[in-house]
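Each chain, letter by letter, is given below.
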Amino acid sequence: MRKDSFSFHNNKYWRRLCFFLALLLPVFLFLDIFYLRYATFSSGLKFMSIVLLFLAQCLWGETERGWWKAAAGLTILTDYLLLFTDCYEWGIFFFNVVHFFRYVERKRGEDDRALYFAGISGVGLMFLLSRYVSWQTALAAAYGLFLFLNTWEAFRSGNRELALAYCLFWGCDICVGVANVLSPGLIATISRKLIWLFYLPSQILLADHIIGPPRRGLKAT
């Protein structure tokens, strides 16, 4: 069953986790602006939020959503690479896989040709551009393609939850782009601080898309 609306009210445990994660947003912003010496601690909190979202999807997510859960699990690796290492190209590469997994989940059983087209186009674009631009730029172009396909599918299907999630994802990536292109500078600094204010809500909505009532005899109120 594909959910097309929000379901925070269906699961009180998920609702409490979302409230906790929402409280982390001003903490991220406060630490990133006023206490740069605690950057590692801030990154740790951000990483913890992604791990918690993955565990929530494993515990309360619909059992048939294997590709979606795999994407959530792989997001842990991508965020680890982007938060704690200098392996940005690998982080972008695995984010391509994350977006493709979610596209597979949305399209499987409906239009296999769209899946083949997306996969071949993404890989082809990546290797074609790598002949003329940096590998990181080629990866970013393929990333943009997969993100666009997921966004288009969300709007095409009329799924308000996913449409909002991917709009927030675009906001996050625009901040990343501005921070890298205009760095150093005030605008780049502000954009860098805003990244997770877009990113974490998008991840919460993506997780909520597959989360239903609690199982194992627990009752939601």
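Look up a bit, the structure's there.
In what follows, the accompanying structure is described. Here the residue index of a chain counts from 1 through its sequence in written order. Where totals are concerned, whole chains, interfaces and linings use all residues; where local detail is concerned, this predicted model gives features only for residues with pLDDT of at least 70, and gives and counts side-chain atom pairs only at 80 or more. Just so you know, side-chain values use all the structure's heavy atoms and leave hydrogens and water out.

### Focus on helix α1 (residues 12-34)
Stated precisely, the cut-off is as follows: The helix and strand labels rest on DSSP assignments: H or I over at least four residues marks a helix, E over at least two residues marks a strand, and numbering proceeds from the N terminus. Each residue after the first adds 1.5 Å to the expected span of a helix. Pairs of residues are marked as contacts when any of their non-hydrogen atoms sit within 4.5 Å.
Look at α1: 34 Å from first C-alpha to last across 23 residues, which is about the 33 Å you get at 1.5 Å a residue. Turning to α1, the residues buried within the fold contact α2 (39-60) and α8 (186-208).

### As for helix α3 (residues 66-84)
Stated formally: Here the term buried applies to any residue with accessible area under 20% of the maximum for its type, exposed to any over 50%, and partly exposed to those in between, with areas from a 1.4 Å probe on protein chains only.
Across its 19 residues, α3 extends 27 Å between first and last C-alpha, which sits within 8% of the 27 Å expected from 1.5 Å per residue. All of the buried residues along α3 are Trp68, Lys69, Ala71, Ala72, Leu74, Thr75, Ile76, Thr78, Asp79 and Leu81. Packing partners of the buried residues in α3 comprise α2, α4 (88-107), α7 (160-181) and α8.

### Observations concerning the side chain of histidine 99
In this fold, histidine 99 is placed in helix α4. Using a relative accessible area of 0% as the deciding quantity, one classes histidine 99 as buried. Not counting chain neighbours up to four residues away, the residues in contact with histidine 99 comprise Tyr143, Phe146, Leu147, Asn150, Tyr166 and Phe169.

### Things to note about the packing of aromatic side chains
Note the following rule: Centres within 6.5 Å are what make two rings of Phe, Tyr or Trp a pair, Trp counting through its six-membered ring; a difference in plane orientation under 30 degrees is then read as stacked, over 60 as edge-to-face, and the rest as tilted. As a reminder, the over-ring test applies to NZ of lysine and CZ of arginine, requiring each to be within 6 Å of the ring centre and within 35 degrees of the ring normal.
Tallying each qualifying case throughout the model produces 20 aromatic pairs. For the pair phenylalanine 169 and tyrosine 199, a centre-to-centre distance of 5.7 Å together with 85 degrees between the ring planes defines the contact as edge-to-face. In this pair, phenylalanine 169 is assigned in helix α7 and tyrosine 199 in helix α8, connecting sequence segments 30 residues apart. Judged by its relative accessible area of 1%, phenylalanine 169 is buried. Note on tyrosine 199: relative accessible area 3%, which makes it buried. Three or more aromatic residues joined by ring pairs make a cluster, and in this case those are Phe28, Phe95, Tyr143, Tyr166, Phe169, Trp196 and Tyr199. The side chain of lysine 46 reaches across the aromatic face of phenylalanine 28, ending 5.8 Å from its centre. Directly above the aromatic system of tryptophan 68 lies the positively charged group of arginine 102, at a separation of 5.3 Å from the ring centroid.

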